[in-house]
Amino acid sequence: RTITYTPYYINTGSDFDGINYNITNGIFDGYEFIFDNTADYTNFAMVTGTSNKFVGNGATLVGFTDNLFTITGSSGIVITGFNMNINNSTKAAIYGSGVEDVEITNNVISGGKDGINIFTNIENN
C-alpha cells in the first residue's frame, strides 16, 4: 500500500502540544513531519495518528516524562533518522500496541527502559 503524505515542517519553535493534540485527534493523519536537522527538541512526547511519517534528518529528541513516540492503535507509521535520548528510566523511545504497517529505521536510541517496545506481531521488519 502506498501512502501519499502531506509535508509539514517542524522547527524548534513548534507548538508540540498543539501538534500532538491535532495528530492524536486525527486532524493530521496522512502527514510527513519533517524535522530540522540542526535542532534539539527537548521534553518531546508525541502520540501518533494513522499514516504519519516522522523524518528526523538527524535531529535530537530528548524526552522527559513520557515515551518519545506512542503509536498505540496506529497503522502506516514511519519513524526514521532521529537521535533519541529517552531521559526517563521507565519509558521507551517508541512504545505501542495494536499497530500494523510500521517502519522504524536509522534511529540512534539512548537512555530509558526500552528502545522500542511494541506489543504486536512484527512481520517483514
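In this text, all values refer to a predicted model and were calculated from it rather than measured experimentally. (Residues numbered from 1 in each chain as written. Predicted model: local features only at pLDDT ≥ 70, side-chain atom pairs only at ≥ 80, totals over all residues. Heavy atoms only, no water.)

In this section: the overall build of the protein. Per the secondary structure count, the protein includes one helix and 13 strands. Moving toward the C terminus, one meets the helices and strands of the protein in the order β-α-β-β-β-β-β-β-β-β-β-β-β-β. Burial analysis of the protein (125 residues in total) assigns 43% to the buried set. Taking as baseline every contact in the protein between residues at least 6 positions apart, the subset at least 24 positions apart corresponds to 52%. Summed over its atoms, the accessible surface of the protein is roughly 6600 Å², and 43% of this surface lies on carbon and sulfur atoms. (Helix = DSSP H or I, 4+ residues; strand = E, 2+ residues; numbered from the N terminus. Buried < 20%, exposed > 50% of the residue type's maximum accessible area, 1.4 Å probe, protein only. Contact = heavy atoms within 4.5 Å. Areas by Shrake-Rupley, 256 points an atom, 1.4 Å probe, with all protein chains shown as cover.)

A word on the sheet that holds strand β8 (residues 75-80). Strand order in this open sheet of five strands is β1-β2-β5-β8-β11, and the pairing throughout is parallel. In this open sheet, the two strands that pair with only one neighbour each are β1 (6-10) and β11 (100-105). Going from strand to strand, the sheet's axes swing by 10 degrees on average, the running direction of each strand aside. Bridge analysis of β8 against β11 gives five bridges, and the strand direction is parallel. (Pairing = 2+ DSSP bridges. Axes fitted to C-alpha atoms, helices over the stretch in contact; angles between N-to-C directions.)

Attention now moves to the nonpolar core. Counting 26 residues, the largest nonpolar core has F35, F54, L61, F69, I79 and M84 as its most contacted members. Elements represented by at least two residues in this core include exactly α1 (16-24), β2 (31-35), β8 and β10 (92-97). If we skip the residues at most four places from it in the chain, M84 touches L61, L68, F69, I79, A93, I94, N107, V108, I109 and S110. (Core = buried A, V, L, I, M, F, W, Y, C linked by side-chain atoms within 4.5 Å.)

The next point concerns unusual backbone geometry. Where the residue is not glycine, phi is negative for most of them; where a peptide bond is considered, it is trans in most cases. Phi is positive for N43, close to 55 degrees, though the residue is something other than glycine. With respect to the element layout, N43 can be found in the loop between β3 (40-42) and β4 (46-47). Taking the relative accessible area as the measure of exposure, N43 reaches 53% and is therefore exposed. The phi dihedral of N57 falls on the positive side, at around 55 degrees, and the residue is not glycine. When its relative accessible area of 42% is taken as the criterion, N57 is described as partly exposed.

To continue, consider the packing of aromatic side chains. Given two aromatic rings, one states the distance between the centres and the angle between the planes to describe the pair. Considering all chains together, one arrives at ten aromatic pairs under this definition. Among the aromatic residues, those joined into a cluster by ring pairs are Y8, Y31, F33, F35, Y41, F44, F54, F69 and F82. (Phe/Tyr/Trp six-rings, centres within 6.5 Å; stacked < 30°, edge-to-face > 60°.)

In this section: the pairing of β2. Of all five residues making up β2, four are buried, and the element is well covered by its neighbours. Sheet analysis places β1 next to β2, joined by five bridges and oriented parallel. Looking at the pairing, Y8 lines up with F33 of β2. As paired elements, β2 and strand β5 (residues 53-55) share three bridges and run parallel to each other. Bridging across to β5, E32 finds its partner in K53.

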